[in-house]
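Structure assessment
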Amino acid sequence: MFPAERPRRLRATPALRRLVAETSLEPRHLVLPMFVADGIDEPREISSMPGVFQHTLDSLTRAATEAVAAGVGGLMLFGVPRTEDKDANGSGATDPDGILNRALRVLRDELGDSTVIMADTCLDEFTDHGHCGVLAADGRVDNDATLTRYVDMAVAQAESGAHLLGPSGMMDGQIAAIREGLDDVGRQDTGILAYSAKYASAFYGPFREAVGSSLSGDRRTYQQDAANRRESLREVDLDLDEGADMVMVKPAMSYLDVLREVADMSTVPVAAYQISGEYSMITAAAQNGWIDRDAAVLESLLSIRRAGADIVLTYWAAEFAARL
């Protein structure tokens, strides 16, 4: 008359649940994306991402130091140039005095090797058209001309102090080109976190405010189609063959199936990026009293870890590293 097996026994108390938990979430698993903007005198909150800021160099240093003290695994840095400093080739990305390269030097000088300093290796913040590469005469993104710019950007970021580079533009051959370019200048120890499975997503909207994007149109000719799964595994295979030290799935929460498959086949650590729209949805729902904010954040981060991510990029990294 009674069930012989009672799985509920192992859920009876918090201590039991903690004892048998299959997935852990530790501060070291979390990476904090940060924005540093040129031409501002004080931190500027991003309206669509409450609690996230465009930083000055000074406030960036303070916030980064606090995050590292909380135990985060690393920092991913995005530069926001002044509008007048953007051009068709994204020259500010390779300028040693460009905002991103200056910020990398400041953080490396301040933090040394106490954390992992990562840089977004993409041109979109720096181009006046907002695309992730150089445009051809017909307006399309020129894949191979863009690779040349990526190599120059990668070298500049490595020389500015980045431990890991994050090529996020989804150009064919970008990992091989960057690896060769780094090795040619003696930067064999600079690693590459490849944005291998990066989808064109409606959830990037707040990020475009965060970086002051100049984009009109979309990036669907180079970012992946949301309908495709096998394509991601092909992209990951290519990046591994080209020398990626880590691979990433982005966005995270709408692509947990892809993340699981990538984690199952990858021979290197796997990252997932809980992107701006995911942050903003949870934040907005919590502000309206519709969900328990802290519980929802923790559940979302655990779900990404459960799906196979070794590393989670999240705007909650510093806050939840401190709590954990």
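Here, every reference points to the structure presented above.
Let me begin by describing the structure that accompanies this report. Throughout, residues of each chain are indexed from 1 in the direction in which the sequence is written. The predicted origin of the model limits local features to residues at a pLDDT of at least 70 and limits the giving and counting of side-chain atom pairs to 80 or more, whereas totals for whole chains, interfaces and linings rest on all residues. As a convention, hydrogens and water are excluded, and side-chain values are obtained from all of the structure's heavy atoms.

All right, on to the nonpolar core then. The nonpolar core is taken to be a set of buried Ala, Val, Leu, Ile, Met, Phe, Trp, Tyr and Cys residues, with the residues joined through side-chain atoms within 4.5 Å. Each residue is placed in one exposure class: buried if its accessible area under a 1.4 Å probe, protein chains only, is under 20% of its type's maximum, exposed if it is over 50%, and partly exposed if it falls in between. Ranked by internal contacts, the top residues of the largest apolar core, which has 98 residues, are Phe-35, Leu-75, Leu-77 and Tyr-273. For helices the rule is a DSSP run of H or I covering at least 4 residues; for strands it is a run of E covering at least 2, with both sets numbered from the N terminus onward. The greatest single-element share of this core, amounting to 7 residues, is contributed by strand S1 (residues 30-37).

Here the focus is the packing of aromatic side chains. Two rings belonging to Phe, Tyr or Trp (six-membered ring only in the last case) form a pair when the distance between their centres is within 6.5 Å. Interplanar angles under 30 degrees mark stacking, angles over 60 mark edge-to-face geometry, and anything in between is tilted. Summed over all chains, the structure comprises 8 aromatic pairs. Summarising the aromatic geometry, the rings of Phe-35 and Tyr-315 are spaced 6.0 Å apart at their centres and angled 15° between planes, so their arrangement reads as stacked. Within this pair, whereas Phe-35 is found in strand S1, its partner Tyr-315 is found in the loop between strand S10 (311-313) and helix H11 (317-323), the two being separated by 280 residues in sequence. Classification of Phe-35 as buried rests on a relative accessible area of 0%. Tyr-315 sits in the buried class, given a relative accessible area of 8%. Lysine and arginine charges are scored as sitting over a ring when NZ or CZ, respectively, is within 6 Å of the ring centre and within 35 degrees of the ring normal. Its guanidinium or amino end placed over the ring of Tyr-204, Lys-198 lies 5.9 Å from that ring's centre, counting from NZ or CZ. Here the basic side chain of Lys-250 rests over the ring of Phe-207, its NZ or CZ set 5.4 Å away from the ring centre.

Turning our eyes to something else, we now look at the packing of helix H7 (residues 230-242) against helix H8 (residues 256-265). Between the N-to-C directions of two axes lies an angle of 0 to 180 degrees, each axis being a line fitted to C-alpha atoms and, for a helix, fitted only over the stretch in contact. Put simply, H7 and H8 touch, their axes get as near as 10 Å, and they point 35° apart. In the packing of H7 onto H8, the handedness of the crossing is right-handed. Only Val-258, Glu-261, Val-262 and Met-265 of H8 make contact with H7, whose side of the interface consists of Ser-232, Leu-233, Val-236 and Asp-237. Any residue outside Ala, Val, Leu, Ile, Met, Phe, Trp, Tyr, Cys, Pro, Asp, Glu, Lys and Arg is labelled polar, Gly included; the first ten of those are nonpolar and the last four are charged. Residues belonging to the contact of H7 with H8 are distributed by class as follows: 5 nonpolar, 1 polar and 2 charged. It is the rotation of the near helix from the far one that decides the hand of a crossing: anticlockwise by less than a right angle makes it left-handed, clockwise makes it right-handed. In this analysis, two residues are considered to be in contact whenever any of their non-hydrogen atoms come within 4.5 Å of each other.

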